[in-house]
Protein chains: 4
Amino acid sequence: MTRIGIGIVGGGYMGKAHAVAMSAVGAVFDTALRPTLEVICTTTAEGAAQKGRQFGFARSTADWRVLVDDPAVEAVVIASPQETHRDIALAALARGKHVFCEKPLGMGLGESREMVAAAAKSGCVNMTGFNYIRTPASQLAREIVAAGELGDITYFRGEHTEDFLADPELPASWRTEGRANGNMGDLSPHIINATLALLGPVKSLIADIETVHSTRSSPQGPVAVTNDDQAQIMCRFANGAMGSLFISRVATGRKMGYIYEIFGTRGALRFDQEDQNALWLYKGDAKPDRQGFTKILTGPLHPDYQPFCLGPGHGTGYQDQIIIEAKDFLQAIATGKPAWPTFEDGMLVNQIIEAAWKSHEERRWIDVASV
Amino acid sequence: MTRIGIGIVGGGYMGKAHAVAMSAVGAVFDTALRPTLEVICTTTAEGAAQKGRQFGFARSTADWRVLVDDPAVEAVVIASPQETHRDIALAALARGKHVFCEKPLGMGLGESREMVAAAAKSGCVNMTGFNYIRTPASQLAREIVAAGELGDITYFRGEHTEDFLADPELPASWRTEGRANGNMGDLSPHIINATLALLGPVKSLIADIETVHSTRSSPQGPVAVTNDDQAQIMCRFANGAMGSLFISRVATGRKMGYIYEIFGTRGALRFDQEDQNALWLYKGDAKPDRQGFTKILTGPLHPDYQPFCLGPGHGTGYQDQIIIEAKDFLQAIATGKPAWPTFEDGMLVNQIIEAAWKSHEERRWIDVASV
Amino acid sequence: MTRIGIGIVGGGYMGKAHAVAMSAVGAVFDTALRPTLEVICTTTAEGAAQKGRQFGFARSTADWRVLVDDPAVEAVVIASPQETHRDIALAALARGKHVFCEKPLGMGLGESREMVAAAAKSGCVNMTGFNYIRTPASQLAREIVAAGELGDITYFRGEHTEDFLADPELPASWRTEGRANGNMGDLSPHIINATLALLGPVKSLIADIETVHSTRSSPQGPVAVTNDDQAQIMCRFANGAMGSLFISRVATGRKMGYIYEIFGTRGALRFDQEDQNALWLYKGDAKPDRQGFTKILTGPLHPDYQPFCLGPGHGTGYQDQIIIEAKDFLQAIATGKPAWPTFEDGMLVNQIIEAAWKSHEERRWIDVASV
Amino acid sequence: MTRIGIGIVGGGYMGKAHAVAMSAVGAVFDTALRPTLEVICTTTAEGAAQKGRQFGFARSTADWRVLVDDPAVEAVVIASPQETHRDIALAALARGKHVFCEKPLGMGLGESREMVAAAAKSGCVNMTGFNYIRTPASQLAREIVAAGELGDITYFRGEHTEDFLADPELPASWRTEGRANGNMGDLSPHIINATLALLGPVKSLIADIETVHSTRSSPQGPVAVTNDDQAQIMCRFANGAMGSLFISRVATGRKMGYIYEIFGTRGALRFDQEDQNALWLYKGDAKPDRQGFTKILTGPLHPDYQPFCLGPGHGTGYQDQIIIEAKDFLQAIATGKPAWPTFEDGMLVNQIIEAAWKSHEERRWIDVASV
């Protein structure tokens, strides 16, 4: 068993999730490489110290450069705001350190491309954090599609819908400022990643993007919301299939609406993250009077489930997705084989977002490759 | 109790449904006007005689003009192929007879406009057959939206998906020939009607329409399919809401996917015709830790349910939708008040279809009013 | 096409349902025998006349003897209160008239046995009305079990739960008086019939029966409730399987909880009348990592569905169950073959109820055959 | 932050789950006490060493006495076979060490009572492991019932159903030998605990217990199965409510059927562990035409959810339940306040099991307090 020193940038929601994952992943997956929590970095020294104690890090800092420079830190997890991703990643890669970077990869396509280039040059493991696609159910969905069980895919529908800004009375905040923090910038990457993971490249698309609540209250009175609340996209995939995406942070009633439905010539499937331990599968070759959607409960026969539990239907949760990511990151470092999704995969998501904005602004179909 | 003589054109699926409805509606709803089944018309004299016996008509014919001219026929139900709708309707209206015409109203927008004009001129009751919107659940949905229970509507998603042509091995047939018999021509009207009924007018749209299986087998070898298999539409409504439609006859696994979801600032609802006796409602003002979608089972407190059954959750079915239509048609005749949906409502559906084709062909957003 | 004269006793909920069914059944099923609505009987002459007009009967009466004696009445549908069932049935059978009698057959086992004997002696068609078991889904369930698709049955759970008396503030009424109108007397027969239809005879049982709300308000002040609100039963079937039943009229939230689940060595199924167009089937021999319950939507391939609708998933409802019963009743008369469920089947339900009461009173297991 | 030395007896499924939980709990819940993994004990020295490495323990042993005697071990988690529970617990308590013992507490009621007495005498923290009741959803259910939101409870239905021995072809194993390893001994404790936690004490019960597959294959030919496969119980609670339990390891199709439904005079709820992040609640005081079961997705407003995730509907899983248990165990040690469920709670489950066997054998109602 070999140890590997971990540094985590970010002590919020995602920083914590990765810290917990790094604490648990060894026992869960019996990984060859075992993480040692070396340095955590958050915005203030006091905060970093507090988080360091809570999560069990050896050292803490308010300066990510210190973390990146720390010789004991061999791999860096970037879970800080997206405007910091590029600089941290480039610095870490330049020092030969493996990097796991939360979605979205960079602030826009340009930054993401820089990061991909830097990763390629470094030879280090690089991975983008799209945790929802790591559930056993979504991994199974990918297997089913890839194996051709559904035949040729004819239609894909995806959505990422939540309602945390549905109430018009909610005040302005960092979430309502700046395109990167908007619905397309912050919420869409997960389901776009799922779309690409399940169906392959998008050839062309047309998007409609909207700020539903254009002003929000603030202590200084009403202020303008400077990013989008919801968006929809129609597309065609390289494989010819038709597709549709809907992303919203104002979808009243939806809590974790990471949903996809896939129709093929021989079958169909659907998934809803709000019931993440089930996958619904329809097989066209079933006996005609016994056909229907089958609710498959994930279990030890499905990807990455058994290490969490020997019984089917016992269920994995949000935190387990992050543990699976940690396992793959460590495994990639140990074996030298790339970990999916790479920075490249992260960059492709930015490309779709950029194409969507362009389409929205020009009110026309856009060839994704042209962006 | 007054009798009214009914003639039905069409002895197939829909003709039968209307014949059964006319037999049952009086007892179910205690209507003021009671239908007498006078004449049925189907394509052959023998067939018409057989259907006449089965359904209990006094006379039968293979010529719809005979039916329309029959002095005992006071109201005509048109359930024949759509290419016949206009001529029959115009003839009947010209003779002062009330007309119920199955969807889609005419072959294209032009015909439908003619029919609307003829109806207006005649002063007769005119009604278009969109049965799915008549379930107690969908009537309740309309009430909820109209009463503002969801607040301002922000997003609508509708689909009409079935899979009767999903199998690429199915041979060519009348269904695969001619735009009117295609997915947009034949399947889309129901959900477009629902869309308009629930959200009001569509301002602009962009569509993508596809023939998924472009050839089908026939006794003479492979033949080209000359209409579409699936289509998707993005739109903006006059009230500002964003919307999305998907219509498919190749959606493997879907049997009666007449589905809609509506998000508003204060609530949300969803409906799936495959479970037609339930409506799912989310109220944003519920206690925060008790919020969720509520599965409302239709019952006597909801529109047009009680005449079928005194107990909630006992359920109505497909045939009952047609009986509700028959009730409203008879009531309109009896009271002289228009019956929803009128020919005008049917025509507005054709307008959306026409706009969708235009948008598809020109690959751009189309203002619906311009069509 | 031959006509048959029908008399219906009862103008309430069930009388209406049968009147509608007799109006529609010919067109729906193209029956050989076509009903003519001759006489309706309700409690008052005025009421009978009104219902006769509404439902389309030729004559009406407040005296069921007049109906039974009417020479044009060839078949009698008994939809009046249960205390009247025996006398009407015996009189009708004595006059050589076919009898359809609503559940429960007689007031207790003794009356039901008299009715079975009278029916046997008469040679007339005799049928008991258990409509819920006539849905296409429940007919399919019976086929699946009978064909051995589930292997040997190991466990059965059934319930009939509604909540129409759940509110303790509801006043006393005829429903809260007399054992026959109680939960076991009035509500249990449907699910007991389903239990027998699906699993075969019950060998032994133990029951616990309870009056949850023992007093109810009345204009004269609080009065005692003299029948039961809920009951549960454990049993063993003749085939060795274990079983459980729960019947309640105070099951808050349940509207039409006619639910059963069946486990066998090779499969399982479950059904809930609140979603009556679906049957959930689990096949143990499915591929291990693709196993799960399949939601089968009923369609034209399933029993008695196609005459209502050519499309799967379009759905049948409560009224359609009564039409299916009418079809089988007419067919039995036309062919001379018994119609399931016969009076014998109705009597077997009474036997279970009687055994349950005995078990409850003696607080012990009871051999059903001993009752 | 204070450290506490942990010893875990058992390196299988549950031992691993507790080891992972002890690794993660500090970071997740920011506990005052932080576990140090001191000693693990499994059946062989090699196995223990391997598990020790995998889970991160400082030392390992094949002798639980060594673990219990280890001065660095301050708290012991017992996750070994149930026949070892008593001896380990008694030894640990005698040495003043806190004990968390997996369900079922002891081998039968007698052992459990010994353990309760020993715990009381020791003054140490004692806790029984019933993880399923620790989901946010089930904790919420307990709150709802306790707060009287459902009014007076009238009926409870619980089941614990799985299908791991449904296939009659599965060979004999330790699972099919000995009452303690049977369905009642091994599977029933979780749902019995839930029953008591939700409804309070059971006053009387009657049970039927069955070995469905009485022989199983073995290398030596067919051998007798010496424990039960399924059981059902009817009961009355001390609060007067009626109840029903079904426990089965041969319930084909059920993977994690830990299900309960509760009816009260003012509401109802239901829960199914196969969708553990949802609780269905019906409120009788909702507007009559908007009533129905509401699917509440657990989120940060519900018990023990927020430390895992800030977003509602993101979901917790099986492993998280164990982390919640670890948190409560550590907190009880830190604060000196008892941790629910105590050994006493574990013992009460054994009492129900013993009463059920007695009832089954004597075929009669049993007063639970008499056992």
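All values reported here derive from a predicted model rather than from experimental measurement. (Residues numbered from 1 in each chain as written. Chains lettered and ligands numbered in written order. Predicted model: local features only at pLDDT ≥ 70, side-chain atom pairs only at ≥ 80, totals over all residues. Heavy atoms only, no water.)

1. As for the interface of chain B and chain A
Here's step 1: Residue-level contacts link 44 residues of chain B with 45 residues of chain A.
Here's step 2: For the chain B and chain A pair, buried surface summed over both sides reaches about 3,500 Å², with 55% attributable to carbon and sulfur atoms.
Here's step 3: Sorting the residues of chain B by area buried against chain A places Gln232, Met234 and Thr252 of chain B first, and these three jointly supply 19% of that buried surface.
Here's step 4: For the pair chain B and chain A, the interface holds six salt bridges.
Here's step 5: The residue Arg236 of chain B makes a salt bridge to Glu210 of chain A at a minimum N-O spacing of 3.6 Å.
Here's step 6: The interface formed by chain B and chain A holds 14 residue pairs in polar contact (both at pLDDT 80 or more) in total.
Here's step 7: Residue assignment for the side of chain B that touches chain A shows that the elements contributing at least two residues are strand 7 (153–161), strand 8 (202–210), strand 11 (230–237), strand 12 (242–248), strand 13 (257–264) and strand 14 (267–272) of chain B.
Here's step 8: Residue contributions to the side of chain B that touches chain A peak at seven residues, all from strand 11 of chain B. (Contact = heavy atoms within 4.5 Å. Buried area = accessible area lost by both parts, 1.4 Å probe. Salt bridge = Lys/Arg side-chain N within 4 Å of Asp/Glu carboxyl O. Polar contact = N/O pair within 3.5 Å; in protein donor to acceptor, adjacent residues only side chain to side chain. Helix = DSSP H or I, 4+ residues; strand = E, 2+ residues; numbered from the N terminus.)

2. Some points on the sheet that holds strand 3 (residues 59–61) of chain A
Residue and element names in this part refer to chain A.
Here's step 1: Spatial strand order, 3-2-1-4-5-6: six strands in an open sheet with parallel pairing. Each having just a single partner strand, strand 3 and strand 6 (126–129) make up the two edges of the open sheet. Averaged over all neighbouring strand pairs, the angle between strand axes comes to 25 degrees, with direction disregarded.
Here's step 2: Bridge count for strand 1 (residues 2–9) against strand 4 (residues 75–78) is four bridges, and the pairing is parallel. Counterpart to Gly7 in the pairing with strand 4 is Val76. (Pairing = 2+ DSSP bridges. Axes fitted to C-alpha atoms, helices over the stretch in contact; angles between N-to-C directions.)

3. A look at the interface of chain B and chain C
Here's step 1: Each side of the interface is counted separately: chain B has 38 residues, and chain C has 38 residues.
Here's step 2: Across the chain B/chain C interface, buried area totals approximately 3,100 Å², and carbon plus sulfur atoms make up 56% of it.
Here's step 3: The tally of links from chain B across to chain C stands at zero salt bridges.
Here's step 4: Among the elements of the structure, helix 1 (13–29), helix 2 (45–55) and helix 8 (318–335) of chain B are those that each provide at least two residues to the side of chain B that touches chain C.
Here's step 5: Across the side of chain B that touches chain C, the residue classes tally to 16 nonpolar, 13 polar and nine charged. (Nonpolar A, V, L, I, M, F, W, Y, C, P; charged D, E, K, R; others polar.)

4. So, the relation of the copies chain B and chain A
Here's step 1: With an axial shift of 0.0 Å and an RMSD of 0.0 Å, the rotation relating chain B to chain A amounts to 180 degrees. When the rotation and shift are considered jointly, the pair of chain copies conforms to a two-fold rotation axis. Taking C-alpha positions as the reference, the residue of chain B nearest the rotation axis is Arg364 of chain B, at 3.1 Å. (Least-squares fit on C-alpha atoms with pLDDT ≥ 70 in both.)

5. Describing the sheet that holds strand 6 (residues 126–129) of chain D
Residues and elements named next belong to chain D.
Here's step 1: Pairing is parallel across the open sheet formed by six strands, whose spatial order is 3-2-1-4-5-6. Sheet topology places strand 3 (59–61) and strand 6 at the edges, where each strand pairs with a single neighbour. Taken pair by pair, the neighbouring strands of this sheet meet at an average axis angle of 25 degrees, ignoring direction.
Here's step 2: Where helix 1 (residues 13–29) meets the sheet, it contacts strand 1 (2–9), strand 2 (33–41), strand 4 (75–78) and strand 5 (98–102), and its direction lies at approximately 155 degrees from that of strand 2.

6. Observations regarding the pattern of salt bridges
Here's step 1: A full pass over the atoms with the stated rule returns 117 salt bridges over all chains.
Here's step 2: For the salt bridge of Arg254 of chain D with Glu261 of chain C, the shortest nitrogen-to-oxygen distance reads 3.0 Å. Taken together, the positions of Arg254 of chain D in the loop between strand 12 (242–248) and strand 13 (257–264) and Glu261 of chain C in strand 13 (residues 257–264) put the pair across two chains. Both residues of the pair, Arg254 of chain D and Glu261 of chain C, count as buried.
Here's step 3: One continuous salt-bridge network, built from bridges that share partners, spans Arg157, Glu159, Arg254 and Glu261 of chain A together with Arg157, Glu159, Arg254 and Glu261 of chain B. (Buried < 20%, exposed > 50% of the residue type's maximum accessible area, 1.4 Å probe, protein only.)

7. Things to note about the domain arrangement of chain A
All names here are of chain A.
Here's step 1: Assigned domains within chain A: domain 1 (2–131) and domain 2 (136–316 + 348–362).
Here's step 2: Once you take the C-alpha centre of each, domain 1 and domain 2 turn out to be 26 Å apart.
Here's step 3: With 15 residues of domain 1 at the contact, the number on the domain 2 side is 14 residues.
Here's step 4: Together, the buried faces of domain 1 and domain 2 total about 1,200 Å²; carbon and sulfur atoms form 61% of this surface.
Here's step 5: Between domain 1 and domain 2 we count one salt bridge in total.
Here's step 6: Taking the shortest distance from any N to any O, the salt bridge between Asp186 and Lys103 comes out at 3.7 Å.
Here's step 7: Where domain 1 touches domain 2, the interface holds five residue pairs in polar contact (both at pLDDT 80 or more).
Here's step 8: For the side of domain 1 that touches domain 2, the secondary-structure elements that each account for two or more residues are helix 1 (13–29) and helix 5 (109–122).
Here's step 9: Sort the elements by how many residues they give to the side of domain 1 that touches domain 2 and helix 5 lands first, with three residues.
Here's step 10: Across the side of domain 1 that touches domain 2, the residue classes break down as seven nonpolar, six polar and two charged. (Domains from an automatic or database assignment.)

8. Things to note about helix 2 (residues 45–55) of chain A
Here's step 1: Regarding helix 2 of chain A, the residues found buried are Ala48, Gly52, Gln54 and Phe55 of chain A. Within helix 2 of chain A, the buried residues cover an arc of 165 degrees as seen down the axis, which keeps them to one side. In helix 2 of chain A, the exposed positions angled more than 90 degrees off the buried face are occupied by Glu46 and Arg53 of chain A.
Here's step 2: Contacts made by the buried residues of helix 2 of chain A are with helix 1, strand 2 (33–41) and strand 3 of chain A together with helix 1 and strand 2 of chain D.
Here's step 3: Gly56 of chain A sits one or two residues past helix 2 of chain A and shows a positive phi near 90 degrees. (Arc of directions from axis to C-beta.)

9. Things to note about the packing of helix 4 (residues 85–94) of chain D against helix 5 (residues 108–122) of chain D
All names here are of chain D.
Here's step 1: At a minimum axis separation of 9 Å, helix 4 and helix 5 run at an interaxial angle of 10 degrees. By the angle between their directions, the pair helix 4 and helix 5 is classed as roughly parallel. Where helix 4 abuts helix 5, its residues His85, Arg86, Ala89, Leu90 and Leu93 lie against Glu111, Glu114, Met115, Ala118, Ala119 and Ser122.
Here's step 2: Residues that form the contact of helix 4 with helix 5 fall into these classes: six nonpolar, two polar and three charged. (Parallel < 35°, antiparallel > 145°, perpendicular 65-115°, else oblique.)

10. Some points on the confidence of the model for chain A
Here's step 1: Mean pLDDT over chain A: 97, with 100% of residues reaching 70 or higher.
Here's step 2: For this predicted complex, the interface score ipTM comes out at 0.97, while the overall pTM is 0.98. (pLDDT = per-residue confidence, 0-100.)

11. Thoughts on the pairing of strand 5 (residues 98–102) of chain C
Residues and elements named next belong to chain C.
Here's step 1: The element strand 5 is extensively covered by neighbouring structure, given that five of its five residues are classed as buried.
Here's step 2: The alternating pattern of strand 5 places His98, Phe100 and Glu102 and Val99 and Cys101 on opposite faces, both of which are buried.
Here's step 3: Taken together, the four bridges between strand 4 (residues 75–78) and strand 5 define a ladder with parallel strand orientation. Residue pairing in the sheet places Ile78 in a bridge with Cys101 of strand 5.
Here's step 4: Regarding topology, helix 4 (residues 85–94) serves as the crossover connection from strand 4 to the parallel strand 5, and that connection is right-handed.
Here's step 5: The pairing of strand 5 with strand 6 (residues 126–129) spans four bridges and is parallel. Following the sheet pairing, Glu102 is matched in strand 6 by Gly129. (Right-handed = clockwise from strand over helix to strand, strands pointing away.)

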